[in-house]
Amino acid sequence: MSSFMSVFRYRGEGIIEDTPENIIPFMYLPEHRMHWDKALKSYTLLERIDEDTAICHTVTHSYGMGLISSRDFVDLVRVKRYEGGIVTTNSMSVDYPECPPSPSHIRGHNNPCGYVCSPLPQSPGHSKLVVFIQPDLGGRLPRSLVESALPNNIINLINDTRAGIKAWGR
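Residues numbered from 1 in each chain as written. Predicted model: local features only at pLDDT ≥ 70, side-chain atom pairs only at ≥ 80, totals over all residues. Heavy atoms only, no water.

Q: Even after reading the chapter, I still don't get the overall build of the protein chain, so can you show me in this structure?
A: Helices and strands together make up the secondary structure of the protein chain, namely 3 helices and 11 strands. Helices and strands appear in the protein chain in the N-to-C order β-β-α-α-β-β-β-β-β-β-β-β-β-α. Relative to the 2.2 N^0.38 estimate, which gives 15 Å for 170 residues, the radius of gyration of the protein chain is 16 Å and therefore close to what a compact globule would have. Expressed as lengths along the three principal axes of its C-alpha atoms, the size of the protein chain is roughly 45 × 35 × 30 Å. Counting over 170 residues, the protein chain shows a buried share of 43%. Residue pairs in contact within the protein chain that sit at least 24 positions apart in sequence constitute 53% of those at least 6 positions apart. Per element, the accessible surface of the protein chain, about 9400 Å² overall, is 56% carbon and sulfur. The average position of the 17 basic charges and that of the 18 acidic charges among the side chains of the protein chain differ by 6 Å. (Helix = DSSP H or I, 4+ residues; strand = E, 2+ residues; numbered from the N terminus. Rg over C-alpha atoms; globule rule 2.2 N^0.38 Å. Buried < 20%, exposed > 50% of the residue type's maximum accessible area, 1.4 Å probe, protein only. Contact = heavy atoms within 4.5 Å. Areas by Shrake-Rupley, 256 points an atom, 1.4 Å probe, with all protein chains shown as cover. Lys, Arg positive; Asp, Glu negative; His and termini not counted. Charge placed at Lys NZ, Arg CZ, Asp CG, Glu CD.)

Q: Sorry if this is basic, but what is going on with helix H1 (residues 20-28) here?
A: Most of H1 is tucked away: 7 of the 9 residues are buried. Within H1, the full set of buried residues consists of Pro20, Asn22, Ile23, Ile24, Phe26, Met27 and Tyr28.

Q: For this particular structure, what's the right way to read helix H3 (residues 143-168)?
A: Structural remark: α-helix, 3.6 residues per turn; residues separated by three or four positions point the same way. For H3, built from 26 residues, the straight-helix expectation of 38 Å at 1.5 Å per residue is met to within 8% by its first-to-last C-alpha distance of 37 Å. Val146, Leu150, Ile154, Leu157, Ile158, Asp160, Thr161, Gly164 and Ile165 are the residues of H3 that are buried. A positive backbone phi angle near 60° is found at Gly169, which sits one or two residues after H3. (Expected span 1.5 Å × (residues − 1).)

Q: How should I be thinking about the pairing of strand E3 (residues 40-50) in this particular structure?
A: The two faces of the sheet receive side chains in turn, since in a regular strand these alternate between them. Across 8 bridges, the pairing between E3 and strand E4 (residues 53-60) is antiparallel. Each residue of the ladder has a partner; that of Leu40, found in E4, is Thr60. Between E3 and E4, which follow one another and run antiparallel, lie 2 residues. (Pairing = 2+ DSSP bridges.)

Q: Hey, could you run me through the pairing of strand E9 (residues 113-119) in this one?
A: Within E9, 5 of the 7 residues are buried, leaving the element largely enclosed by the surrounding structure. Here strand E6 (residues 86-93) runs beside E9; their pairing, made up of 5 bridges, is antiparallel. Counted as the bridge partner of Ser91 is Cys113 from E9. Of the strand pairs in this sheet, E9 and strand E10 (residues 127-133) are connected by 6 bridges, and their pairing is antiparallel. Note that in E10 the partner of Val116 across the bridge is Val130.

Q: Please explain the packing of aromatic side chains as it appears in this structure.
A: Within the structure shown, the criterion is met by 2 aromatic pairs. With 5.5 Å between their ring centres and 10° between their planes, Phe26 and Trp36 make a pair best called stacked. On the criterion of sequence distance, the pair formed by Phe26 in helix H1 and Trp36 in helix H2 (residues 30-36) is long-range, its members being 10 residues apart. Taken together, the ring pairs in this structure connect Phe26, Trp36 and Trp168 into an aromatic cluster. For the cation-ring pair, Arg33 lies above Tyr43, with the distance from its terminal atom to the ring centre recorded as 5.1 Å. (Phe/Tyr/Trp six-rings, centres within 6.5 Å; stacked < 30°, edge-to-face > 60°. Lys NZ or Arg CZ within 6 Å of the ring centre and 35° of its normal.)

See the structure below:
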(Lines give C-alpha, C1' and ligand atoms only; values in the text may rest on other atoms or scores of the structure.)
Protein backbone atom coordinates (compact mmCIF):
# COMPACT_ATOMS: atom_id res chain seq x y z
CA MET A 1 0.00 0.00 0.00
CA SER A 2 1.25 3.50 -0.78
CA SER A 3 -0.32 6.91 -0.57
CA PHE A 4 -0.26 9.84 -2.98
CA MET A 5 -2.66 12.74 -2.59
CA SER A 6 -4.95 10.56 -0.38
CA VAL A 7 -5.30 7.87 -3.07
CA PHE A 8 -4.14 4.55 -1.65
CA ARG A 9 -2.75 1.93 -4.00
CA TYR A 10 -2.89 -1.77 -3.21
CA ARG A 11 -1.08 -4.65 -4.90
CA GLY A 12 -1.37 -8.42 -4.61
CA GLU A 13 -0.06 -11.33 -6.59
CA GLY A 14 -0.49 -15.06 -6.91
CA ILE A 15 0.16 -18.02 -9.17
CA ILE A 16 -2.78 -19.40 -11.17
CA GLU A 17 -2.78 -22.70 -13.01
CA ASP A 18 -3.75 -21.59 -16.53
CA THR A 19 -2.58 -19.25 -19.28
CA PRO A 20 -3.01 -15.45 -19.34
CA GLU A 21 -5.23 -15.77 -22.46
CA ASN A 22 -7.68 -17.84 -20.39
CA ILE A 23 -7.31 -16.13 -17.02
CA ILE A 24 -7.94 -12.52 -18.04
CA PRO A 25 -11.25 -13.12 -19.90
CA PHE A 26 -12.32 -15.37 -17.03
CA MET A 27 -11.76 -12.45 -14.66
CA TYR A 28 -13.56 -9.68 -16.50
CA LEU A 29 -16.28 -11.21 -18.69
CA PRO A 30 -19.65 -11.34 -16.86
CA GLU A 31 -20.52 -14.80 -18.18
CA HIS A 32 -17.60 -16.13 -16.14
CA ARG A 33 -17.10 -13.69 -13.28
CA MET A 34 -20.54 -13.98 -11.72
CA HIS A 35 -19.98 -17.73 -11.25
CA TRP A 36 -16.89 -17.39 -9.08
CA ASP A 37 -16.40 -13.89 -7.60
CA LYS A 38 -18.01 -14.11 -4.15
CA ALA A 39 -17.49 -10.38 -3.49
CA LEU A 40 -19.90 -9.34 -6.25
CA LYS A 41 -23.66 -8.97 -6.07
CA SER A 42 -23.76 -8.25 -9.82
CA TYR A 43 -21.40 -7.59 -12.70
CA THR A 44 -22.72 -6.37 -16.03
CA LEU A 45 -21.14 -5.48 -19.34
CA LEU A 46 -22.95 -2.22 -20.19
CA GLU A 47 -21.34 -1.53 -23.54
CA ARG A 48 -18.87 -3.34 -25.77
CA ILE A 49 -16.77 -0.63 -27.44
CA ASP A 50 -14.55 -3.01 -29.39
CA GLU A 51 -13.15 -6.53 -29.01
CA ASP A 52 -10.85 -5.45 -26.19
CA THR A 53 -12.72 -2.52 -24.60
CA ALA A 54 -15.92 -2.43 -22.58
CA ILE A 55 -17.78 -0.45 -19.96
CA CYS A 56 -18.73 -2.62 -16.98
CA HIS A 57 -20.92 -2.07 -13.93
CA THR A 58 -19.89 -3.81 -10.70
CA VAL A 59 -21.99 -4.04 -7.53
CA THR A 60 -20.45 -5.47 -4.36
CA HIS A 61 -22.20 -7.13 -1.47
CA SER A 62 -22.46 -5.22 1.78
CA TYR A 63 -19.99 -6.30 4.48
CA GLY A 64 -19.87 -6.64 8.23
CA MET A 65 -23.56 -7.49 8.64
CA GLY A 66 -24.49 -4.36 6.71
CA LEU A 67 -22.03 -2.09 8.51
CA ILE A 68 -20.33 -1.40 5.17
CA SER A 69 -22.89 -0.62 2.48
CA SER A 70 -22.86 -2.13 -0.97
CA ARG A 71 -20.72 -0.19 -3.46
CA ASP A 72 -21.05 0.12 -7.21
CA PHE A 73 -18.52 1.12 -9.85
CA VAL A 74 -18.77 1.91 -13.56
CA ASP A 75 -15.44 1.20 -15.24
CA LEU A 76 -13.89 1.42 -18.66
CA VAL A 77 -11.94 -1.84 -19.08
CA ARG A 78 -9.30 -2.31 -21.77
CA VAL A 79 -7.50 -5.60 -22.39
CA LYS A 80 -4.01 -5.43 -23.90
CA ARG A 81 -1.72 -8.17 -25.11
CA TYR A 82 2.07 -7.91 -25.08
CA GLU A 83 5.00 -9.92 -26.35
CA GLY A 84 5.77 -13.00 -24.36
CA GLY A 85 2.11 -13.87 -23.76
CA ILE A 86 1.48 -11.13 -21.16
CA VAL A 87 -2.15 -9.99 -20.96
CA THR A 88 -3.36 -7.01 -18.93
CA THR A 89 -6.58 -5.30 -18.03
CA ASN A 90 -6.41 -1.55 -17.60
CA SER A 91 -9.41 0.03 -15.92
CA MET A 92 -10.72 3.22 -14.43
CA SER A 93 -14.09 4.61 -13.47
CA VAL A 94 -16.04 6.69 -15.95
CA ASP A 95 -19.27 8.65 -15.92
CA TYR A 96 -21.83 6.74 -17.94
CA PRO A 97 -25.23 8.45 -18.25
CA GLU A 98 -27.04 5.15 -18.92
CA CYS A 99 -25.97 3.92 -15.46
CA PRO A 100 -26.52 6.74 -12.96
CA PRO A 101 -25.85 6.28 -9.23
CA SER A 102 -28.54 4.36 -7.37
CA PRO A 103 -29.77 4.99 -3.83
CA SER A 104 -29.30 1.23 -3.23
CA HIS A 105 -25.49 1.54 -3.37
CA ILE A 106 -22.74 4.03 -2.69
CA ARG A 107 -20.98 4.95 -5.94
CA GLY A 108 -17.26 4.27 -5.68
CA HIS A 109 -14.54 5.44 -8.03
CA ASN A 110 -11.67 3.31 -9.32
CA ASN A 111 -8.57 5.29 -10.11
CA PRO A 112 -6.39 3.62 -12.78
CA CYS A 113 -6.07 -0.05 -11.85
CA GLY A 114 -5.85 -3.47 -13.43
CA TYR A 115 -4.40 -6.95 -13.66
CA VAL A 116 -1.11 -8.09 -15.20
CA CYS A 117 -1.00 -11.78 -16.08
CA SER A 118 2.30 -13.28 -17.25
CA PRO A 119 3.10 -16.85 -18.22
CA LEU A 120 5.68 -18.62 -16.05
CA PRO A 121 8.24 -20.13 -18.45
CA GLN A 122 9.72 -22.25 -15.64
CA SER A 123 6.26 -23.70 -14.93
CA PRO A 124 4.29 -24.25 -18.17
CA GLY A 125 0.54 -23.89 -17.82
CA HIS A 126 0.92 -21.53 -14.85
CA SER A 127 0.77 -17.74 -14.74
CA LYS A 128 1.63 -14.98 -12.32
CA LEU A 129 -1.34 -12.68 -11.67
CA VAL A 130 -0.63 -9.23 -10.23
CA VAL A 131 -3.61 -7.10 -9.13
CA PHE A 132 -3.32 -3.31 -8.74
CA ILE A 133 -6.20 -1.27 -7.31
CA GLN A 134 -6.56 2.29 -6.03
CA PRO A 135 -10.22 2.78 -5.22
CA ASP A 136 -12.11 5.60 -3.60
CA LEU A 137 -14.95 3.69 -1.95
CA GLY A 138 -17.04 6.79 -1.35
CA GLY A 139 -19.21 7.26 1.69
CA ARG A 140 -17.85 7.91 5.15
CA LEU A 141 -15.78 4.85 5.89
CA PRO A 142 -12.95 5.26 8.40
CA ARG A 143 -9.58 5.01 6.62
CA SER A 144 -8.48 2.26 9.05
CA LEU A 145 -11.45 0.09 8.01
CA VAL A 146 -10.65 0.53 4.31
CA GLU A 147 -6.96 -0.19 4.92
CA SER A 148 -7.78 -3.44 6.71
CA ALA A 149 -10.45 -4.62 4.24
CA LEU A 150 -8.90 -3.99 0.82
CA PRO A 151 -5.78 -6.19 1.16
CA ASN A 152 -8.06 -9.08 2.17
CA ASN A 153 -10.30 -8.37 -0.81
CA ILE A 154 -7.30 -8.67 -3.16
CA ILE A 155 -6.25 -11.96 -1.56
CA ASN A 156 -9.82 -13.25 -1.85
CA LEU A 157 -9.99 -12.15 -5.50
CA ILE A 158 -6.84 -14.11 -6.34
CA ASN A 159 -7.96 -17.17 -4.34
CA ASP A 160 -11.48 -17.06 -5.84
CA THR A 161 -9.98 -16.74 -9.34
CA ARG A 162 -7.76 -19.76 -8.67
CA ALA A 163 -10.70 -21.82 -7.36
CA GLY A 164 -13.00 -20.64 -10.17
CA ILE A 165 -10.49 -21.58 -12.88
CA LYS A 166 -10.04 -25.01 -11.29
CA ALA A 167 -13.83 -25.55 -11.06
CA TRP A 168 -14.26 -24.34 -14.65
CA GLY A 169 -12.01 -27.23 -15.66
CA ARG A 170 -10.91 -26.04 -19.06
